[in-house]
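Commentary on secondary and tertiary structure
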Amino acid sequence: MMSEIRTRFAPSPTGYMHIGNLRTALYAYLVAKRDAAGKFLLRIEDTDQGRLVEGATDIIYDTLKQCNLLWDEGPDLGGPVGPYVQSERVQSGIYMDHAKELVKLGGAHYCFCDEEMIQAQREIQEARGESFKFDDPCKALSIEEAEARIENGESFVVRQTIPEEGTTSFDDEVFGTITVENSTLDESILMKSDGFPTYNFANVIDDHLMGITDVVRGMEYLSSAPKYNLIYESFGWDIPRYIHCPPVMKDEHQKLSKRNGDASFQDLVEKGYLPEAILNYIALLGWSPETNQEIYTLDELVQAFNVKHIGKDGAIFDIVKLTSINSLWLRNMDLDKYYELVKPYIDEAVKGNFDKKAIAQILQPRAQTLKEIPDMLDFFDNFPAFDTNLYNNKKMKTDPSIALESLVASKEVLERITDWTQETLHEKLMELPAKLEKKNGQILFPLRLAITGKEFTPGGAIEIATILGKEETLSRLQKSIEQLQK
């Protein structure tokens, strides 16, 4: 076995990237990169030809690249243990050669039973309330007899041979030592009649030949791990370290599933979440850091991650928590970087000649996702009609009569300003509360509503007035005063 840590992410190209799959990729990456010499491999598992989706492999590449989970070996990069696509490995004969060897070692056998016979046995056992275990008459055939039937053109599969007695144990970093009775294990098909291996066989062969030291995968494979170990033991191979992760849950009872239409990584990006924020959040789904730190860069996750802190229970995906983390990532950005990121969304909503970097600056503390930005800015180009009842605000202690008095006074102040800067507007407008014996909010809330037509906006009255400019601000203010006077 290689001395370096080697992990792999081995997705099937069957559609968009599921959040649970992405978390598996992340954890596998973190385990590898915690070791300075560690290697993270990408392997495409496409043996289930009926479920393949055109373009899904490109989605896998794009998703990992967007998240900066860059692999050291893979289909596009090559490497010393390729090919890294299972269908290409089938063509090289790797799986069939190992299946034949496993038969000779006693860990598998050829099976010539048809699916109707297998299904009939399944129905009988299930009717008795028994777990399915196929009684395979082909087990009695010698290797020579089986190979003679194969030479005669008979269709066959290779099925794993499970000891009828005893137990099989395996160690897992999350769930500890697990022991099962061999009598409870079914004899899975390892090689199908079309010459393709099943996942249960291919993943063991590939992991060994690729020198994988640490296998990170979902806990749904816990029940199959004893069968994998029996294959390793039959060949006399070292068994990798297992890290089975609990599922990402939709709620207390249902797993997140792309089959059920739950959000994929691509869906979340489309909704305006940053790849970095998504990765940050899913790292915390089932893993507890040793400190109270919540915001992590990928490099920080590499340093902090410890598989011993992965929980055993499923973690519920909380879109509210993701949104909170996303907003913190946006707020923590350098303004220039933030402006470059949000400019296309500002351009979508604001066509007028306004200072768009200043707009970005008022957005940054307030926008939680990128997708919500255009709707937050629609008032710049189009001053909307609004109900004067919006001036009634208990928190700000305003009503239409108070608003009218405040707006008239504000307009008089703004008309006299020649140096239209945020500093000057702030200085002059903040003289009004004391002069009119009112609270700050009784001046600024009506003014913001009067020049935007919206109850909630990014930025306050002074910031928005600065961006709108003197002429536009006074024009809107006059319309709002007239509306109140009517």
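Structure's up top.
Description of the structure in this document.

Calculation notes
- The residue count restarts for each chain, going from 1 along the sequence in the order it is written.
- Note on the predicted model: pLDDT of at least 70 is required for a residue's local features to be given, and 80 or more for side-chain atom pairs to be given and counted; whole-chain, interface and lining totals, by contrast, use all residues.
- With hydrogens and water stripped out, all remaining heavy atoms of the structure feed into the side-chain values.
- Strands are runs of DSSP state E lasting at least two residues, helices are runs of H or I lasting at least four, and both sets are numbered from the N terminus onward.
- Radius of gyration: over C-alpha atoms. The globule rule applied is 2.2 Å multiplied by the number of residues raised to the 0.38 power.
- Type-normalised accessible area, obtained with a 1.4 Å probe on protein chains alone, sets the label of each residue: buried when under 20%, exposed when over 50%, and partly exposed for intermediate values.
- The contact criterion used throughout is that any non-hydrogen atoms of two residues lie within 4.5 Å.
- Whether two aromatic rings pair depends on their centres lying within 6.5 Å, for rings of Phe, Tyr and Trp, where Trp uses its six-membered ring; planes under 30 degrees apart make the pair stacked, over 60 edge-to-face, and the rest tilted.
- We call a charge positioned over a ring when the NZ of a Lys or the CZ of an Arg lies within 6 Å of the ring centre and within 35 degrees of the ring normal.
- For patches, a residue must show more than 30% relative accessible area and have no salt bridge; joins then use 9 Å for like charges and 5 Å for nonpolar side chains, namely Val, Leu, Ile, Met, Phe, Trp and Tyr.
- In this description, accessible areas are obtained by the Shrake-Rupley approach with a 1.4 Å probe, and a residue is regarded as covered only by the protein chains that are shown.
- Any carboxyl oxygen of Asp or Glu within 4 Å of a side-chain nitrogen of Lys or Arg constitutes a salt bridge here.
- Here Asp and Glu are counted as negative and Lys and Arg as positive; His is not counted, and neither are the chain ends.
- To locate a charge, take NZ of a lysine, CZ of an arginine, CG of an aspartate or CD of a glutamate.
- Given a helix with a known number of residues, its expected span is that number minus one, times 1.5 Å.
- Any N or O atom pair separated by 3.5 Å or less is treated as a polar contact, with the protein-specific requirement of one donor-capable and one acceptor-capable atom, and with residues adjacent in sequence counted only for side-chain atom pairs.
- In this analysis, strands are considered paired if DSSP registers two or more bridges between them.
- Note on method: axes are straight lines fitted to C-alpha atoms, helices fitted across the in-contact stretch only, with angles between N-to-C directions ranging 0 to 180 degrees.
- Space inside and on the surface of the protein is sampled on a 1 Å grid over the protein atoms alone, with a cavity defined as a set of points where a 1.4 Å probe fits but cannot get out and a pocket as an open set with protein on both sides within 12 Å along at least 5 of 7 lines; lining residues have an atom within 4 Å of a point.
- Grid points are joined across faces, edges and corners, and a volume is the space filled by probe spheres set on the points.
- Note on residue classes: Ala, Val, Leu, Ile, Met, Phe, Trp, Tyr, Cys and Pro are nonpolar, Asp, Glu, Lys and Arg are charged, and everything else, Gly too, is polar.
- In this description, a disulfide is simply a cysteine sulfur pair whose atoms lie within 2.5 Å.
- If the strands point away from the viewer and the path from the first strand over the helix to the second runs clockwise, then the crossover is right-handed.

Topic: the overall build of the protein chain
- Summing up its helical and strand segments, the protein chain has 21 helices and 11 strands in all.
- Against the 2.2 N^0.38 benchmark of 23 Å for 486 residues, the protein chain shows a C-alpha radius of gyration of 32 Å, more extended than a compact globule.
- Overall size of the protein chain, expressed as C-alpha extent along the three principal axes, is 105 × 50 × 40 Å.
- Per-residue burial for the protein chain yields a buried fraction of 50% across its 486 residues.

Digging into the environment of glutamate 4
- Here glutamate 4 shows up in the segment before strand E1 (6-9).
- When the C-alpha atoms of glutamate 4 and glycine 38 are compared, they prove to be 5.5 Å apart, with 34 residues separating the residues in sequence.
- Once residues within four sequence positions are removed from consideration, glutamate 4 is found in contact with Asp35, Ala37, Lys39 and Thr213.

Quick word on the packing of aromatic side chains
- Applying the stated criterion across every chain yields a total of 16 aromatic pairs.
- Every member of this aromatic cluster is reached through a ring pair, and the members are Tyr27, Trp287, Tyr296 and Phe305.
- When the ring centre of phenylalanine 112 is taken as reference, the NZ or CZ atom of arginine 149 above it lies at 4.4 Å.

Quick word on a negative patch on the surface
- Judged by side-chain charge, Glu144, Glu145, Glu147 and Glu151 come together as a negatively charged surface patch.
- Its location among the elements puts glutamate 144 in helix H6 (residues 143-151).
- Relative accessible area serves as the criterion here: at 58%, glutamate 144 is assigned to the exposed category.

Digging into helix H12 (residues 319-331)
- Taking 1.5 Å per residue as the helical rise, H12 with its 13 residues ought to reach 18 Å, and the 18 Å between its terminal C-alpha atoms agrees with that figure.
- The complete set of buried residues in H12 reads Leu322, Thr323, Ile325, Asn326, Ser327, Trp329 and Leu330.
- Those residues of H12 that are buried are in contact with helix H9 (265-270), helix H10 (275-283) and helix H13 (335-349).
- One side-chain oxygen at the N-terminal end of H12 lies 3.0 Å from the backbone nitrogen of valine 320; it belongs to aspartate 318.

Observations concerning the sheet that holds strand E4 (residues 157-160)
- Within the open sheet, the 3 strands sit side by side as E3-E4-E7. Their pairing is antiparallel. Looking along the sheet, the strands with just one partner apiece sit at the ends: strand E3 (108-111) and strand E7 (189-191). Direction aside, neighbouring strands of the sheet carry axes that sit 40° apart on average.
- Relative to E7, E4 runs antiparallel, the two sharing 2 bridges. The residue bridging valine 158 from the neighbouring strand is methionine 191, located in E7.

Considering the layout of surface pockets
- Space inside the largest pocket adds up to approximately 1,000 Å³.
- Every residue lining the largest pocket is counted, 35 residues in all, and those nearest its centre are Ser12, Asn21, Arg51, Glu220 and Tyr221.
- At the level of secondary structure, the elements contributing two or more residues to the lining of the largest pocket comprise E1, helix H1 (19-33) and strand E8 (214-218).
- Residue contributions to the lining of the largest pocket peak at 4 residues, all from H1.
- Considering the residues around the second largest pocket, the lining is formed by 17 residues, among which Glu276, Tyr296, Thr297, Leu298 and Trp329 are closest to the centre.
- Counting only elements with at least two residues in the lining of the second largest pocket, the list comes to H10 and helix H11 (298-304).
- In terms of residues, the lining of the second largest pocket owes the most to one element, H11, which gives 4 residues.
- Grouping the amino acids of the lining of the second largest pocket by side-chain chemistry returns 8 nonpolar, 5 polar and 4 charged.

With respect to the state of the cysteines
- Applying the stated criterion to the full structure yields 0 disulfides.
- Cysteine cysteine 67 is unpaired, with the sulfur of cysteine 245 as its nearest cysteine sulfur at 16 Å.
- The class for cysteine 67 is buried, based on a relative accessible area of 5%.
- In this model cysteine 113 remains outside any disulfide bridge; the closest cysteine sulfur is found in cysteine 138, 3.6 Å from its own.
- Cysteine 113 gets classed as buried once you look at its relative accessible area, which sits at 13%.

So, the side chain of asparagine 326
- With respect to the helices and strands, asparagine 326 occurs in helix H12.
- Classification of asparagine 326 as buried rests on a relative accessible area of 0%.
- Of note is the side chain of asparagine 326, whose polar atom sits 2.6 Å from the backbone oxygen of glutamine 368.
- Contact partners of asparagine 326, with chain neighbours within four places excluded, come to Gly272, Tyr273, Leu274, Ala277, Gln368 and Thr369.

Quick word on the pairing of E1
- The side-chain alternation of E1 yields two buried faces, one formed by Arg6 and Arg8 and the other by Thr7 and Phe9.
- Relative to strand E2 (residues 39-42), E1 runs parallel, the two sharing 4 bridges. Paired with phenylalanine 9 across the two strands is leucine 42, which belongs to E2.
- For the crossover from E1 across H1 to E2, the handedness is right-handed.

Brief notes about the environment of cysteine 111
- You can see cysteine 111 is positioned in strand E3.
- Judged by relative accessible area, which is 1%, cysteine 111 ranks as buried.
- Through-space distance from the C-alpha of cysteine 111 to that of phenylalanine 156 is 5.6 Å; in sequence the pair is 45 residues apart.
- Excluding residues that lie within four positions of it along the chain, cysteine 111 makes contacts with Phe134, Asp136, Cys138, Ser155, Phe156, Val157 and Arg159.

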